2 protein chains.
Amino acid sequence: MSTSPLDSFLTPRSVAVVGASTTPDKIGAVPLRHLIEHGYDGAIFPINPAHAEVQGLPAYPSLQAVGRPIDLAIFAVPAARVDDAMSDAVAAGVKSVVMFSAGFAEIDDEGARAQRRIAERARAAGIRLLGPNCLGFMNIGRAVYATFSPVLSTGLVASGPVGIVSQSGAFAAYAYGMARERGVGLSVWVATGNEADIQVADCIAWMANDPATRVIMAYLEGCTDGEKLKQALALARAVRKPVVIVKVGRSELGAKAAASHTAALAGDDAVFDALFRQYGVWRARTIDEFFDVAHCLAVSPLPAHGSVGLLTVSGGVGVLMADEAAELGLDVAPMPGEAQARIRARVPFAGTMNPVDVTGQVTADPELLPLAAHTMLAQGGYGALVIFLAAAGLTPAMQAMQLRLAHELTAAHPDRLLMFSTLADAAHQRALAARGCLTFPDPSRALRVLAAADFFRRQFSVPPSLPEQASERTALRLEPGLRNEADALALLREHGIASPAIRRAVSREQACAAAQALGFPVAMKVLSAALPHKTEAGGVVLGVNDLAQAAQAYDRIRERVAAAVPDAAIDGVLVAPMVAGGVECILGAHRDPVLGAVVMLGAGGVNVELMRDVSFRLAPVDRQQARAMIDELKSAPLLRGFRGAPVADVEALADAIVRLSRLAFDAGETLAAIDINPLRVMPVGQGVLALDALVAGRDPEAAGAA
Amino acid sequence: MSTSPLDSFLTPRSVAVVGASTTPDKIGAVPLRHLIEHGYDGAIFPINPAHAEVQGLPAYPSLQAVGRPIDLAIFAVPAARVDDAMSDAVAAGVKSVVMFSAGFAEIDDEGARAQRRIAERARAAGIRLLGPNCLGFMNIGRAVYATFSPVLSTGLVASGPVGIVSQSGAFAAYAYGMARERGVGLSVWVATGNEADIQVADCIAWMANDPATRVIMAYLEGCTDGEKLKQALALARAVRKPVVIVKVGRSELGAKAAASHTAALAGDDAVFDALFRQYGVWRARTIDEFFDVAHCLAVSPLPAHGSVGLLTVSGGVGVLMADEAAELGLDVAPMPGEAQARIRARVPFAGTMNPVDVTGQVTADPELLPLAAHTMLAQGGYGALVIFLAAAGLTPAMQAMQLRLAHELTAAHPDRLLMFSTLADAAHQRALAARGCLTFPDPSRALRVLAAADFFRRQFSVPPSLPEQASERTALRLEPGLRNEADALALLREHGIASPAIRRAVSREQACAAAQALGFPVAMKVLSAALPHKTEAGGVVLGVNDLAQAAQAYDRIRERVAAAVPDAAIDGVLVAPMVAGGVECILGAHRDPVLGAVVMLGAGGVNVELMRDVSFRLAPVDRQQARAMIDELKSAPLLRGFRGAPVADVEALADAIVRLSRLAFDAGETLAAIDINPLRVMPVGQGVLALDALVAGRDPEAAGAA
């Protein structure tokens, strides 16, 4: 099925262990022992010049001495011996190497240089490399144990549909233990360590093609190749495999252009959020959630559609669940009247809207539960059902009832997502999970998982609409550095973003003539690429009402700017009409050093800063994504005719977002940042107007360019 | 120690069971069996006219036939037999009654009437009553089992310092099971059911006085007596017992005065939030958190002070923890340089700032862990320490290390809060809990618990500053209904909240004269108690610049209002100076039907609605609470001289909050709502100005008055 270049790595037909050891718990002994004990069915070659036999297998003095094809060589040797081992591997025609060896980039600059050297040698020889300084990997279904993690000694995980990749070894071990404790079955498990060659993104792409993997879990600390990550996520999205990610670390990669509001607001974290949202990745906020969601995706179907039924034995907890569901954006639709009547016929004082509350009556009449559950799915038609049973999961009779219910409901409605919330021991939880129903003692946790499942349902119910790849851009070159406001607005106009008619003046007379021609009142602003903060330099006068004021304003601007910033190159004074009406926002774009062009829409005025009322996307975006960005703003009602104001031209705003995102994308490496602040969204039919703009280009060749 | 009227109820010296049964699992059999089996040391009297002996004890035909004092009678009989049982109890001089019997207010209006009748009879006879329709209670330390909950049949909880009270029986049973599963020891457990007499608040007050209870957990669905709840929380606060509450259900109690912005924004939930914040109650967002926090308070000390140390074996998870801690407002202070050097001397590439990352090196050198932990507490001086060990909690060697560490650290630093985050089985978790250290596999969960513990540390480190009780108010009577703007502003001025000089005009000539006297520009507004929404009725003209405009504005206002609202009684037109400068907010107060007067501060303009940038407190508040309200606003920076604007008179704002809160409090039952919108906060030294106001009084005697 797949011809991924990682196949010889993750599904090797033969494995050699360089540094194979007979001493238990040595890193050269552990993988060998697991390969032998757990039934790896390929060839195993211990490499150890001092022994003829290791752990009962014939040993070889070197990889070359094996004389047979070696798909994978595990380097379980100290850093000092890695160079020799690599020479041996190259000579023996090894296809892939896992380097446990520590002492490289994680230590110091010298280690980093040694790491680059080794990676370069591997690359030249066509060898794929995992590590160094990594815990290795496992392909659980094929019993490939290329790891020395002590977590295996505490018990093995079940084979299953969930693949895990982690940059951190400690986290990977923890994840392995967590999966085992919860009964989550794994397909592959990879710890990428220093990522000299193979990165988390490579493993995601491999798992997207792996028939044994249905759910992909990734733990990400940083990322050096954004394009590769995007491609891997696009691949997973194309084959409809859900990806759940924990991303930690707000890295300081890339200094931000200080002049840009957009870049300062973005931060790496908001940009990763945008990436994940656009590629349909669920970003887990906590580690519990990471596993809860993956476990659910592994055992349960996605909900058939978006309505959620809540069934409870406690009215209060029903309300708690309904509030929580509403907060998560789930659709707690009411039951049809007929279905309500059916339940009320049995319990007159039951709550039947949704949540359906069968009350404590269920203790006396346990059959109430299947009645209500079947009615909710068959007549209520809910896509998902969460059943809160309080402490009932603890008694044998109710446990039997739950198992029966799980069996009947999943048989009758195989496309619905069912969850229980009740106290239950691990054995009972596993029995229910085996029937496709997870159990969480805390109902809030169940609902959070449901929100994630519903997110994937929505993702997979429409064709993927992903941003274009960098390779598809229409190259456009922005000059390095800042340009003045007039030039910035002119560039935006060329790309279809309108601004008011403006005039440039380099004398008092020209300024007066310009104001006269435009019609009063006008705004006058100093024109200088060196002064992105014009107001602070005294370079702005608003509401100029006549010729006398225009002359005075021109002189004041020149004087104040000369006093404040005597060395700044001034291109003159810009004269612009005062524009009344409309709603202000900020529209911007900047280049993220890892993920490329990003577009931002924010509320106007102080709200973008104080309320952080902003929305980000990777560029370019289409009209639909642009509308979604507008909807995300808490201040969006202002655009829709708030308190009797005219409705703003939202379609023109969406168009401007699309155009700026395209401009930013096409500028590629030459983009630093663009701010349109304010962008005035006029009443419907009157479009948008850029009232001020900043355009900063960059030289992609310059050292340390941001 | 306590003379609480609930003593005969929660610590009875004798218990009678009316409806005592020999049939196992009948509600009249269960409490009797538990009382006998678990060693209740008081007298037990089965009441059953048909048997001479029940469960091996001599039975009596009636309560009166017992002939000895009965502290507590359990009514395990159907609703139809409750009246007779109550007659018997009154005649027998019973002190307290627990009514399991269902079929009262939870069913219908007739049931509600029957419930009120029974409660009235009990009250008249001086009998305290729990229920009806309740699961009863347990006093675990004294083996009082006045419940028929089936949850007991799945195992008993340990005796301990945590008291639980719940309105819901299903939730109470669930909580009992949850406590047992987690090893949380309980003192008392009460399910209050229909609350005909005893409410959750009564039980909180009792637990505040109970020497066996150190931590109080309450599950609240609604509340009918806000004063009683406040008093109970004040009592718990006074004796420094932490209270953790789950409050569900945004009840619809009390229609809101539609004219009031404040009341509409409040909602019951925001008011309960304010209550809890002011009384030092931690409101748990989820049920897991409810138990996590209570468990921690039961086994660990509060942190000695606010700085938090984070120790990790994974750099990435360290960052995750630091981000989470920052979001929770915890102080992740850096380590002193000397302490950092000490750790780096052992692991040169360790992260030593805080988080301290001892890296995977800990596998090779486990003693790194105690070195780092001791250094962080002794030299770093942290008030709390969270140690993330990934999967290490699973191996016997690391389990032993953790136990040793817990022992050594708690012995050396008994006033620090220690938590582990690692995979660990239940037995190991309990062993660590017995040494005062909780373990959470998910570090985010540990940090959330730490935030709660730190909340209580802060609460208990200052003397309580609680709002006055209703009994302490200086009575003030607001006339029912709305008053016009001039009268509203006059009332506020009487109570020390300034507004601009205004004039009333009932003719065009008066209006012109008033404008002339005030000086142009002025604002003109229709004056009418019937028109709280003046702008919508065409009743407002701003920026009136001369006499001609004033005359025209007067006419236009009269005409437009007459056209829009022909029947409204008009008191004239108000003329006010236009006020420039300052920052706008909204200041309001309203009467919550349960919790009384509430004061609200919100951002000006659209932010109060769109961003919900508001802060609430129960009235009255002092200056310090008023300042805290200001600090809570996301838009607070606008008051502090945002982007070069003058700093606003924040002290005058705090003063206005205090004054309005006092006015609202003193108005008591006659308050409906007060809005000051906008309140303009002028630059420092210039105070605040109420630019518009609405005052709505209510008639406390009117039926259904909001």
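Residues numbered from 1 in each chain as written. Chains lettered and ligands numbered in written order. Predicted model: local features only at pLDDT ≥ 70, side-chain atom pairs only at ≥ 80, totals over all residues. Heavy atoms only, no water.

## Description of the overall build of chain A
Right, so step 1: Counting its regular elements, chain A contains 22 helices and 30 strands.
Right, so step 2: Taken along its principal axes, the extent of the C-alpha atoms in chain A is 100 × 80 × 35 Å.
Right, so step 3: Once local pairs closer than 6 in sequence are excluded, the contacts in chain A between residues at least 24 apart make up 71%.
Right, so step 4: A total of about 25,800 Å² of accessible surface is found on chain A, and carbon and sulfur atoms cover 53% of it.
Right, so step 5: Computed over 62 positive and 71 negative side-chain charges, the separation of the two mean positions in chain A equals 3 Å. (Helix = DSSP H or I, 4+ residues; strand = E, 2+ residues; numbered from the N terminus. Contact = heavy atoms within 4.5 Å. Areas by Shrake-Rupley, 256 points an atom, 1.4 Å probe, with all protein chains shown as cover. Lys, Arg positive; Asp, Glu negative; His and termini not counted. Charge placed at Lys NZ, Arg CZ, Asp CG, Glu CD.)

## Quick look at the nonpolar core
Right, so step 1: Core analysis: the largest hydrophobic core is formed by 323 residues, its most contacted members being F137(A), L186(A), L311(A), F137(B), L186(B), W189(B) and L311(B).
Right, so step 2: The residues touching W189(B), leaving out its near neighbours within four places in the chain, are L135(B), G136(B), F137(B), M138(B), I140(B), T147(B), S149(B), I164(B), A172(B), A173(B) and Y176(B). (Core = buried A, V, L, I, M, F, W, Y, C linked by side-chain atoms within 4.5 Å. Buried < 20%, exposed > 50% of the residue type's maximum accessible area, 1.4 Å probe, protein only.)

## A short note on the side chain of Q199(A)
Residue and element names in this part refer to chain A.
Right, so step 1: Along the chain, Q199 turns up in the loop between β11 (186-191) and α6 (200-209).
Right, so step 2: Classification of Q199 as buried rests on a relative accessible area of 11%.
Right, so step 3: For Q199, the residues in contact, after removing those within four places along its chain, are T192, T224, D225 and K228.

## Details of the pairing of strand β9 (residues 144-147) of chain B
Residues and elements named next belong to chain B.
Right, so step 1: Covered by surrounding structure in β9 are V144 and A146 together with Y145 and T147, the residues of both alternating faces.
Right, so step 2: The pairing of strand β8 (residues 136-139) with β9 spans four bridges and is antiparallel. The partner of F137 across the bridge, within β9, is A146.
Right, so step 3: Counting the residues between successive antiparallel strands, the hairpin from β8 to β9 contains four residues, one of them, A143, with a positive phi of roughly 60°. (Pairing = 2+ DSSP bridges.)

## Focus: the relation of the copies chain A and chain B
Right, so step 1: Rotating chain A by 180° and moving it 0.0 Å along the rotation axis overlays it on chain B with an RMSD of 0.1 Å. Viewed as a symmetry operation, the transformation between the two copies matches a two-fold axis. When C-alpha distances to the rotation axis are compared across chain A, the minimum falls at M611(A), with a value of 3.7 Å.
Right, so step 2: Interface overlap between copies is the fraction of interface residues in one copy that are interface residues in the other; for chain A against chain B it reaches 98%, indicating a shared surface. (Least-squares fit on C-alpha atoms with pLDDT ≥ 70 in both.)

## Structural notes on the domain arrangement of chain A
Right, so step 1: The domains assigned to chain A are domain 1 (7-249), domain 2 (301-460), domain 3 (501-577) and domain 4 (583-697).
Right, so step 2: On a C-alpha basis, the centroid separation for the pair domain 1 of chain A and domain 4 of chain A is 44 Å. (Domains from an automatic or database assignment.)

## Overview of the sheet that holds strand β8 (residues 136-139) of chain A
Right, so step 1: With mixed pairing, the seven strands of this open sheet are ordered in space as β9-β8-β11-β10-β12-β13-β14 (chain A). Each edge of the open sheet carries a strand with a single partner, namely β9 (144-147) and β14 (282-283) of chain A.

## Description of the interface of chain A and chain B
Interfaces are often sized by the amount of accessible area the parts lose when they come together.
Right, so step 1: Taken together, the contacts link 61 residues of chain A with 60 residues of chain B.
Right, so step 2: Inspection of the chain A/chain B interface yields four salt bridges.
Right, so step 3: As a salt-bridge pair, D288(A) and R445(B) come within 3.6 Å of each other at their nearest N and O atoms.
Right, so step 4: Summed over the shared surface of chain A and chain B, the number is 15 residue pairs in polar contact (both at pLDDT 80 or more).
Right, so step 5: With eight residues, helix α5 (residues 169-182) of chain A is the single largest residue contributor to the side of chain A that touches chain B.
Right, so step 6: Taken together, the residues of the side of chain A that touches chain B sort by class into 30 nonpolar, 15 polar and 16 charged. (Salt bridge = Lys/Arg side-chain N within 4 Å of Asp/Glu carboxyl O. Polar contact = N/O pair within 3.5 Å; in protein donor to acceptor, adjacent residues only side chain to side chain. Nonpolar A, V, L, I, M, F, W, Y, C, P; charged D, E, K, R; others polar.)

## Some remarks on the pattern of salt bridges
Right, so step 1: Under the definition given, this model contains 83 salt bridges over all chains.
Right, so step 2: In this structure, K230(A) and E227(A) form a salt bridge, with 3.2 Å as the shortest nitrogen-oxygen distance. With K230(A) and E227(A) both in helix α7 (residues 226-238) and three residues apart, the pair spans about one turn of that helix.
Right, so step 3: Across the pair E669(A) and R591(A) runs a salt bridge, and its minimum N-O distance is 3.6 Å. Within this pair, whereas E669(A) is found in the loop between α22 (650-667) and β28 (671-681), its partner R591(A) is found in strand β25 (residues 583-592), the two being separated by 78 residues in sequence.
Right, so step 4: Relative accessible area serves as the criterion here: at 11%, R591(A) is assigned to the buried category.
Right, so step 5: One salt-bridge network, held together by shared partners, links R182(A), D288(A), D292(A), R445(A), R182(B), D288(B), D292(B) and R445(B).

## Side note on the packing of aromatic side chains
Right, so step 1: Per the counting criterion, the structure on display carries 26 aromatic pairs over all chains.
Right, so step 2: Residues F9(A) and F137(A) carry aromatic rings whose centres are separated by 4.7 Å and whose planes lie at 55° to one another, so their mutual orientation is tilted. Here the residue F9(A) occupies a position in helix α1 (residues 7-10), and F137(A) occupies one in strand β8, the gap between them amounting to 128 residues. For the pair shown, F9(A) and F137(A) are each scored as buried.
Right, so step 3: With 6.1 Å between their ring centres and 50° between their planes, F171(B) and F290(B) make a pair best called tilted. A residue pair is termed long-range when its members are at least 10 positions apart, and F171(B) in helix α5 (residues 169-182) and F290(B) in helix α9 (residues 287-299) qualify at 119 residues. (Phe/Tyr/Trp six-rings, centres within 6.5 Å; stacked < 30°, edge-to-face > 60°.)

## Quick notes on the confidence of the model for chain A
Right, so step 1: With 96% of its residues at a pLDDT of 70 or more, chain A shows a mean pLDDT of 92.
Right, so step 2: Note on residues 251-264 of chain A: pLDDT is under 50 here. Beyond four places in sequence and across chains, it has 30 contacts. (pLDDT = per-residue confidence, 0-100.)

## A look at the environment of L671(B)
All names here are of chain B.
Right, so step 1: One can find L671 in strand β28 (residues 671-681).
Right, so step 2: Accessibility expressed as a relative area gives 0% for L671, which makes it buried.
Right, so step 3: Through-space distance from the C-alpha of L671 to that of G481 is 9.7 Å; in sequence the pair is 190 residues apart.
Right, so step 4: Look past the residues within four positions of L671 in its chain and what remains in contact with it is L478, H590, R591, A597, A664, A696 and R698.

## What to know about the packing of helix α10 (residues 315-327) of chain B against helix α16 (residues 443-460) of chain B
Relative orientation and spacing of two packed helices are given, respectively, by the angle between their axes and the distance between those axes.
Residues and elements named next belong to chain B.
Right, so step 1: With their axes 10 Å apart at the nearest point, α10 and α16 run at an angle of 30° to one another. Between α10 and α16, the angle falls in the class roughly parallel. In this structure, the crossing between α10 and α16 has a hand that is right-handed. Residues V317, L320, M321, E324 and A325 of α10 lie in contact with α16, whose contacting residues are P443, S444 and L447.
Right, so step 2: For the contact of α10 with α16, the class distribution of residues is six nonpolar, one polar and one charged. (Axes fitted to C-alpha atoms, helices over the stretch in contact; angles between N-to-C directions. Parallel < 35°, antiparallel > 145°, perpendicular 65-115°, else oblique. Left-handed = near helix turned anticlockwise from the far one by under 90°.)

## As for the sheet that holds strand β16 (residues 356-357) of chain A
Residue and element names in this part refer to chain A.
Right, so step 1: The five strands are arranged β16-β15-β17-β18-β19 in an open sheet whose pairing can be described as parallel. One side of each edge strand has no neighbouring strand; the edge strands of this open sheet are β16 and β19 (438-439).
Right, so step 2: Strand direction decides the pairing type here: strand β15 (residues 308-312) and strand β17 (residues 384-390), joined by five bridges, are parallel. When the sheet's bridge partners are listed, L310 is paired in β17 with V386.
Right, so step 3: Strands in contact with helix α10 (residues 315-327) are β15, β16 and β17; relative to β15, the strand with the most contacts, it is inclined by about 160°.

## So, the state of the cysteines
Right, so step 1: This structure, assessed with the given rule, holds zero disulfides over all chains.
Right, so step 2: Between C134(A), a cysteine without a disulfide, and C203(A), which holds the nearest cysteine sulfur, the sulfur-to-sulfur distance is 10.0 Å.
Right, so step 3: Distance from the sulfur of C296(B), which forms no disulfide, to the nearest cysteine sulfur (C437(B)) is 9.7 Å. (Disulfide = S-S within 2.5 Å.)

## Some details on helix α17 (residues 485-494) of chain A
Residues and elements named next belong to chain A.
Right, so step 1: Those residues of α17 lying buried are E485, A486, A488, L489, L491 and L492.
Right, so step 2: The backbone nitrogen of A486 lies 3.0 Å from a side-chain oxygen of the residue at the head of α17, namely N484.
Right, so step 3: After α17 finishes, the residue G496 shows a positive phi value of roughly 85°.

## Some thoughts on α5(B)
Residues and elements named next belong to chain B.
Right, so step 1: Under the 1.5 Å per step criterion, the end-to-end length of α5 is 20 Å for 14 residues, consistent within 8% with the ideal 20 Å.
Right, so step 2: With eleven of its 14 residues buried, α5 lies for the most part within the structure.
Right, so step 3: The residue sitting at the N-terminus of α5 and contributing the capping side-chain oxygen is S168; that oxygen lies 3.3 Å from the backbone nitrogen of A170.
Right, so step 4: Once α5 finishes, G183 follows within two positions and takes phi at roughly 75°, a positive value. (Expected span 1.5 Å × (residues − 1).)

## Focus on the pairing of β17(A)
All names here are of chain A.
Right, so step 1: In terms of burial, β17 is largely enclosed, as seven of its seven residues are buried.
Right, so step 2: Residues A384, V386, F388 and A390 line one face of β17 and the alternating positions L385, I387 and L389 line the opposite face, and both faces are buried.
Right, so step 3: Relative to strand β18 (residues 417-422), β17 runs parallel, the two being bridged by six bridges. Paired with I387 across the bridge in β18 is F420.

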